[in-house]
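# Overview (structure and organization)
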Amino acid sequence: QKFSNIDTNPRSHIDEFWYEQWLADKRVRFKLGRVRADSEFAFVERGGDFLHSSPGHSPTIFVMPVYPDAATSINLFVYPTPSFHVGFGLYDGALGRGVHTGVHGPQTLELEHLSFIGEMGTRWVLDQHRLIGRLGVGAWGHNGTFERFSGGRQKGTMGAYLVFDQLLWRENPHHDPDEQGIAMFL
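What counts as what
- Residues numbered from 1 in each chain as written.
- Predicted model: local features only at pLDDT ≥ 70, side-chain atom pairs only at ≥ 80, totals over all residues.
- Heavy atoms only, no water.
- Helix = DSSP H or I, 4+ residues; strand = E, 2+ residues; numbered from the N terminus.
- Rg over C-alpha atoms; globule rule 2.2 N^0.38 Å.
- Buried < 20%, exposed > 50% of the residue type's maximum accessible area, 1.4 Å probe, protein only.
- Polar contact = N/O pair within 3.5 Å; in protein donor to acceptor, adjacent residues only side chain to side chain.
- Pairing = 2+ DSSP bridges.
- pLDDT = per-residue confidence, 0-100.
- 1 Å grid on protein atoms, 1.4 Å probe; cavity = no way out; pocket = protein on both sides within 12 Å on 5 of 7 lines; lining within 4 Å.
- Points joined across faces, edges and corners; volume = space filled by probe spheres on them.
- Nonpolar A, V, L, I, M, F, W, Y, C, P; charged D, E, K, R; others polar.

Further remarks concern the overall build of the protein chain. A tally of helices and strands in the protein chain yields 0 helices and 8 strands. Reading the helices (α) and strands (β) of the protein chain from amino to carboxyl end gives β-β-β-β-β-β-β-β. Relative to the compact-globule value of 16 Å for 186 residues, the protein chain shows a C-alpha radius of gyration of 18 Å, a close match. Structurally, the protein chain occupies a C-alpha span of about 55 × 40 × 35 Å along its principal axes. Burial analysis of the protein chain (186 residues in total) assigns 39% to the buried set.

This is how it looks when you write it as structure tokens:
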């Protein structure tokens, strides 16, 4: 896993570039373009403020396109209720074969190197202090070929994840934009 959320080799590129459309009275969201998967899936809202990347996204999703390697993707989310979502993303999986997608456009997209991820999640607000919480459960996979630790090669890999955030105390609970306080995440 990367040591830092801001440390990378010097380069100039556009990190994210995408088109997003909401449909069906804001119950369906479609996003197409260069996207960092951790902006859509498996993220821990309260962990993003840390400089080290471990709190922000799981190191077990080793083929996930994250900073600085956003990837060409298609994402679809359905919101049956305002507090529940189901999402699926299909990403250029060239990162799994060592190609840094952050400096390339869709030319690295190949059907034998695709990364996919899906998530179900819910959000809630506890009591009058507006203590916001979030739970996400998902699965990910990649259809490429990978070296095994025990030797040889393996076609495809996959895994699962769980993320949880809960704001425990707010310094200014009646001032909506101010979420300063104490929170926990897993």
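Turning our attention to the side chain of Arg34. Mapped onto the secondary structure, Arg34 falls in strand S2 (residues 28-35). Polar side-chain contacts of Arg34 include one of 3.1 Å to the backbone oxygen of Ile14.

Okay, the pairing of strand S4 (residues 84-92) next. In the sheet, strand S3 (residues 71-81) pairs with S4 via 7 bridges, with the strands oriented antiparallel. Bridge pairing links Ile74 to Leu90 in S4. Counted along the chain from S3 to the antiparallel partner S4, the turn is 2 residues long. Inspection of the sheet shows S4 paired to strand S5 (residues 114-126) by 9 bridges, in the antiparallel sense.

Attention shifts here to the confidence of the model for the protein chain. Chain-level statistics for the protein chain give a pLDDT mean of 87 and a share of 94% at 70 or above. Taken element by element, the predicted model of the protein chain shows its lowest mean pLDDT in strand S8 (residues 181-185) (91) and its highest in S4 (97).

Our next topic: empty space enclosed by the protein. In this structure the tally under the stated criterion is 1 cavity of 30 Å³ or more. Quantified by volume, the largest cavity comes out at close to 40 Å³. Lining the largest cavity are Ala37, Ile61, Met64, Pro65, Tyr91, Ser115, Phe116, Ile117 and Trp140. It is S5 that provides the largest number of residues to the lining of the largest cavity, a total of 3 residues. Split into classes, the residues belonging to the lining of the largest cavity amount to 8 nonpolar, 1 polar and no charged.

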